[in-house]
Amino acid sequence: MPELPEIEVIKNLIYPFLKGYNITYSIVRNKKLKYLIPKEIIFINNQKIINVKRRGRYIILILQNNSIIIHLGMTGNLLIIKDNKKINKNDHIDLIIDNHIILRYSDIRKFGFWIWYNKNYKNNVFIKKLGPEPLTKSFNNLYLYKITQKKKIPIKVLLMMNEIVVGIGNIYSNESLFISKILPYRKANTLTFTEINILVKKIKYILYKSIKNGGTSICNYIDPYGKKGNFSKFLFVYKRNNKLCKICQTKIFKMIHRNRSTFFCSVCQI
Ligand SMILES: [Zn+2]
């Protein structure tokens with residue numbers, strides 16, 4: 001599943017092709033992804049794109065009076081298409097833009113969704129319940145410490161809760177805990193203020209670094225040009241089980257918890 005860095009990379013790349021241009025019409029080849037595609041999107045006609053934003057893992061196209069809220073689910077991709085010859089069976093939605101490009105939504109597993117909403121997208125039920133953005137000041141050590149003090153769940157599970165902080169999934173929770181030297185299954189309330197301080201800094205660091213490197217392509221993530229992200233080579237633990245720790249040469253462990261794989265080094269992390 002794409003996490004914050006991948007969605008940010010996508011947003012930054014599609015932005016110059018969309019902002020200020022018009023959606024002339026759409027071609028919807030598959031009317032049902034996770035939810036039905038709203039008729040307003042199927043019959044969209046000459047709508048100006050005022051802005052393109054990201055909130056958590058959502059990409060939002062802001063129109064004059066409405067917004068289109070897009071979630072990529074597990075395997076969704078947004079592509080900038082300049083030459084429309086090849087269409088494959090996973091290409092579900094095209095937005096035809098008046099600068100001769102197509103914004104194409106492709107999704108193998110179809111867990112993504114598109115929502116039509118008024119232009120105050122922040123009031124949408126999915127967006128409203130989201131916690132702070134990890135790369136803003138509202139995600140800070142005092143905020144996280146206050147929350148962790150009250151929770152006995154594993155710190156990794158807590159970091160992946162969107163109502164606490166958005167956009168951190170399995171990749172970046174595993175990686176940020178590794179570079180913070182904290183075991184992922186530690187109960188949140190056992191973390192000291194110093195450890196939280198380090199964790200908050202490292203989360204921001206790793207997300208910035210991944211964005212700079214085009215995100216992580218582990219499953220099928222590609223950017224709007226069809227290019228893979230480069231961050232995979234910087235991973236310390238994620239999907240590196242049985243490989244040697246890059247710091248201490250011990251084997252990386254994998255543990256399945258709540259159906260998610262957790263990766264860690266039993267020497268570097270305490
Ligand atoms: Zn190690």
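Residues numbered from 1 in each chain as written. Predicted model: local features only at pLDDT ≥ 70, side-chain atom pairs only at ≥ 80, totals over all residues. Heavy atoms only, no water.

Asks: When you look at the domain arrangement of the protein chain in this model, what are you seeing that I'm missing?
Replies: How big an interface is tends to be stated in terms of the accessible area lost upon association of its parts. Domains assigned within the protein chain are domain 1 (4–128) and domain 2 (141–264). Each of domain 1 and domain 2 was reduced to a C-alpha centroid, and the two centroids are 28 Å apart. For the pairing of domain 1 and domain 2, the buried interface totals around 1600 Å² over both sides, and the portion due to carbon and sulfur atoms is 66%. Linking domain 1 with domain 2 are zero salt bridges, by the criterion used here. Our enumeration of links across domain 1 and domain 2 arrives at seven residue pairs in polar contact (both at pLDDT 80 or more). At the level of elements, helix 1 (4–18) and strand 5 (76–81) are the ones that each hand at least two residues to the side of domain 1 that touches domain 2. Among the elements that take part in the side of domain 1 that touches domain 2, helix 1 stands out by supplying nine residues, more than any other. For the side of domain 1 that touches domain 2, the per-class residue count stands at twelve nonpolar, three polar and four charged. (Domains from an automatic or database assignment. Buried area = accessible area lost by both parts, 1.4 Å probe. Salt bridge = Lys/Arg side-chain N within 4 Å of Asp/Glu carboxyl O. Polar contact = N/O pair within 3.5 Å; in protein donor to acceptor, adjacent residues only side chain to side chain. Helix = DSSP H or I, 4+ residues; strand = E, 2+ residues; numbered from the N terminus. Nonpolar A, V, L, I, M, F, W, Y, C, P; charged D, E, K, R; others polar.)

Asks: Whenever I open this one, the pattern of salt bridges confuses me. Can you help?
Replies: Pairing between side chains becomes possible if they bear opposite charge and their charged atoms approach one another. Taken as a whole and assessed by the stated rule, the structure comprises nine salt bridges. The partner of Glu40 in a salt bridge is Lys39, and the shortest N-O contact between them spans 3.7 Å. A residue is classified by how much of its surface remains accessible, and Glu40, at 32% relative accessible area, is partly exposed. Where Glu195 meets Arg186, a salt bridge forms, and the shortest distance between an N and an O atom there is 2.8 Å. The class of Arg186 is buried, set by a relative accessible area of 17%. (Buried < 20%, exposed > 50% of the residue type's maximum accessible area, 1.4 Å probe, protein only.)

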